[in-house]
Amino acid sequence: MIRRQRLAAGVCALLAALAAGIAFPGGAVADENEQAAPKVELVLDVSGSMRTRDIDGGSRMAAAKQAFNEVLDATPEEVRLGIRTLGADYRGNDRKEGCKDTAQLYPVGPLDRTEAKTAVATLAPTGWTPIGPALLKAADDLNGGDGTRRIVLISDGEDTCQPLDPCEVAREIAAKGIGLTIDTLGLVPDAKTRDQLSCIADATGGTYTDVRHKEELSDRVGQLVDRAADPVVTPVATEGAAECAQAPALKSGLYTDREEFGQQRWYKVDVDPGKELRASVSVADDRAVNPDYGVLLRAVTLHGREIVRGEAAGTGRTDVVSTGLRYPKPESDDDNAPAETVCLQVTNSFSAAAGVKTTPGLPLELTVDVVDGPSGHHDVAAFGLGRGWWLLGALVLTGFVAGLLWGWLSRWRVAVWRTN
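Conventions adopted
Residues numbered from 1 in each chain as written. Predicted model: local features only at pLDDT ≥ 70, side-chain atom pairs only at ≥ 80, totals over all residues. Heavy atoms only, no water. pLDDT = per-residue confidence, 0-100. Contact = heavy atoms within 4.5 Å. Core = buried A, V, L, I, M, F, W, Y, C linked by side-chain atoms within 4.5 Å. Buried < 20%, exposed > 50% of the residue type's maximum accessible area, 1.4 Å probe, protein only. Helix = DSSP H or I, 4+ residues; strand = E, 2+ residues; numbered from the N terminus. Pairing = 2+ DSSP bridges. Axes fitted to C-alpha atoms, helices over the stretch in contact; angles between N-to-C directions.

Visitor: Quick rundown of the confidence of the model for the protein chain? Include the residues and the values.
Guide: When pLDDT is averaged across the protein chain, the result is 83; 85% of the residues are at 70 or more. Every residue in residues 376–386 scores below 50 in pLDDT, and together they form eight contacts with partners more than four places removed in sequence or on other chains.

This is the structure we're talking about:
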């Protein structure tokens, strides 16, 4: 009897251990998936001006509610979505209190569509427009995890809580290197609102959109939420050095940095024999700068000899200037030949407009790719003709055959004429 009890107890313990072994890995996988899930927070301006009735005969608030309902219905299952408001609760005239008026209406996480829609339906235009404080809180809401993170800001006016400049807030968020993008939408905006919302978006590599109709608002917000679910390469934050000797060693990938006005930044890449280095850089003017500027990207040896360069100039018509270069490292007869260390130098000639802050530096994005080098058989030009050599040969052969036929026909016609 005792033996049977011990045997039963042992079997139960074994089954329990097996069940735990099966359950825990599943939980670990679920946690990993949750960490990698894309996150989006919709930040909605609920200030008093949202009562204005100038969007398809209805109020701006009504258009926003309709757009949110449609977007919530279409949100992909894998997206963790939240909603934050600004200016939704405080009705008084105390500016200090009004600038604290931002709250999370629906937490970032798995979406319960009914609950989220119910929360949105209760909103009514109320108070101030604390865009800067709302962006800071939204960045905290999205903190953590390895998935993409995106803030979608919808507003119809300028921030009313200066001197906390929302553009500076966006630049500070970008400078943290956490890969958070802010997209902005302006509801029937004036020039000042458009400039401010554009500045916020530019600072983090996001987009700005003018909205004047309900359908435009629904479509654009839906696109931005869907974009968060797309697989993207997350840039790696790095910090270039003032000279090549102290520069960080980079592998193939996408990197972000900040570069002061007129500053130069150095990075290092190892290139094996038979490989080709491809590098490109983009520098964005996320604030008012003087026209006529440029960016220079140089590949230099450790001894300072320039290998190749790429350069581009701008005149203020675009907010990003980009250039690139390619450097193929020749094959070596020595199988043990070491890699060559190539120094990449990035220099810009931007200058700040009067009264514009120069810190933090301009956002810089560097792409590095080391690939197999070009094949000598396929890529080397033949007498300057490249791959067009075969076409020239075909034309010569065709001309030779045509000449023979024409000569034979001419002699035949002359012979017939003489006979007649």
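From this point, the discussion proceeds with the structure in view.
Visitor: Can you break down the nonpolar core residue by residue, with the values?
Guide: Core analysis: the largest hydrophobic core is formed by 33 residues, its most contacted members being Leu44, Ile154 and Leu217. Secondary-structure elements contributing two or more residues to this core are β1 (39–45), α2 (60–74), β4 (80–86), α4 (113–121), β6 (149–155), β7 (180–187) and α8 (214–229). Not counting the four nearest positions on each side in its chain, isoleucine 154 is found in contact with Val43, Leu44, Asp45, Phe68, Leu185, Leu187, Leu217 and Val221. Counting residues in hydrophobic clusters, the runner-up holds 26 residues, among them Ala279, Val342, Leu344 and Leu362.

Visitor: So what about the sheet that holds β1? Which residues, and what values?
Guide: Overall, mixed pairing links the six strands, which are arranged β5-β4-β1-β6-β7-β8 in an open sheet. If you trace the sheet from one side to the other, it starts and ends with β5 (102–109) and β8 (208–211), each paired once. Direction aside, the axes of adjacent strands within the sheet are offset by 15 degrees on average. Both β1 and β6 contribute to a ladder of six bridges, which runs parallel. Bridging from a neighbouring strand, leucine 44 pairs with isoleucine 154 of β6. Contacts from α2 reach β1, β4, β6 and β7 within the one sheet, and its direction differs from that of β1 by about 165 degrees.

Visitor: Which residues make up unusual backbone geometry, and what are the values?
Guide: A cis amide bond, omega -5 degrees, links threonine 359 with the succeeding residue proline 360. Among the structural elements, proline 360 can be located in the loop between β16 (340–348) and β17 (362–372). A positive phi angle, close to 45 degrees, is found at valine 188, a residue other than glycine. Positionally, valine 188 belongs in the loop between β7 and α7 (191–203). Positive phi, close to 65 degrees, is recorded for aspartate 292, a residue that is not glycine. Note on placement: aspartate 292 falls in the loop between β12 (275–284) and β13 (293–300). Using a relative accessible area of 58% as the deciding quantity, one classes aspartate 292 as exposed.

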